[in-house]
Amino acid sequence: MEQFADKKHIEVIWKSFQLDASIPEVASESYAQYLVKRKGMAVEKVNGMLGNVTEMASQVGLDYHLDQSVIVNSQKAHQLIQFSKSKKLGNEAEEHLFRAFFTEGKNIADTAILIQLGKDFGLQESELKASLDDEKYKYEITQDIQEAQNLGVNGVPFFVFDRKYAVSGAQPSESFLETLEKSFTEWRKSNPETTLEVTEGDSCTVDGKCD
């Protein structure tokens, strides 16, 4: 986004997606144990894979500690995201949750932890508590997952551009920039920017100031 000249026209919308909705809210195994038991992967392969992910993260300035990650159901975390989006704080929610899970080893199914995370980026505690029990946000999670399935998404990360192009999995920033430029160029052709030549005169503004 920082490399994209027209970034002011881009809106990032985070969507909910659960890889395994059967994971319990109470942690019972490590990340490695989960992958070995649930996915049928060999211990050596799992450890190698997690090591590769940690190294890739490090190369772009991310400090991952996957050996400390708490494997729990992400439903409540997604409810926090959906509520945060309604307050224009979706990006902040994602960043705090990513850091809590991948770096700090926090339990993202724990209500108290989620409430504190929300407070850390500006949400009100009373509203946070209500949102974690609100059926509205549970429904929005379901809708996002259904939308992903309709688009053919079966894994994360997955990025959709203007519902025409997608980038799947870990990719270099150049791939994102190329897709962003291509999709934006096509979008701009269908949505030309209107520039008016204005003749100024006496007028009143929305804030009540008249000249």
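Criteria and thresholds
Residues numbered from 1 in each chain as written. Predicted model: local features only at pLDDT ≥ 70, side-chain atom pairs only at ≥ 80, totals over all residues. Heavy atoms only, no water. Disulfide = S-S within 2.5 Å. Buried < 20%, exposed > 50% of the residue type's maximum accessible area, 1.4 Å probe, protein only. Core = buried A, V, L, I, M, F, W, Y, C linked by side-chain atoms within 4.5 Å. Helix = DSSP H or I, 4+ residues; strand = E, 2+ residues; numbered from the N terminus. Contact = heavy atoms within 4.5 Å. Axes fitted to C-alpha atoms, helices over the stretch in contact; angles between N-to-C directions. Parallel < 35°, antiparallel > 145°, perpendicular 65-115°, else oblique. Left-handed = near helix turned anticlockwise from the far one by under 90°.

Caption draft 1: Summary view of the state of the cysteines. This model, assessed by the stated rule, comprises one disulfide. Between the sulfur atoms of Cys204 and its disulfide mate Cys210 the distance is 1.9 Å. Across the S-S bond linking Cys204 and Cys210, the dihedral sits near 115 degrees, which makes this disulfide right-handed. Under the relative-accessibility criterion, Cys204 is labelled exposed at 55%.

Caption draft 2: Spatial organisation of the nonpolar core. With 30 residues, the main nonpolar core has Leu80, Leu97, Ile108, Leu114 and Leu123 as its most contacted residues. Broken down by secondary-structure element, the contributors of at least two residues to this core are helix 1 (31-39), helix 2 (43-59), helix 3 (75-86), helix 4 (90-103) and helix 5 (111-120). Ranked by residue count, the leading element in this core is helix 4, at five residues. Non-local contacts of Leu114, meaning those with residues more than four positions away in its chain, are made with Lys76, Ala77, Leu80, Leu97, Ile108 and Leu132. With six residues, the next largest nonpolar core counts Phe161, Val167, Leu180 and Phe184 among its residues.

Caption draft 3: Geometry of the packing of helix 1 against helix 2. It is the contact of helix 1 with helix 2, at a shortest axis distance of 9 Å, that shows an interaxial angle of 135 degrees. When the interaxial angle is binned, helix 1 and helix 2 end up oblique. Seen from above, helix 1 lies across helix 2 with right-handed handedness. Here helix 1 contributes Ala32, Leu35 and Val36 to the contact with helix 2, which in turn contributes Val43, Val46, Asn47, Met49 and Leu50.

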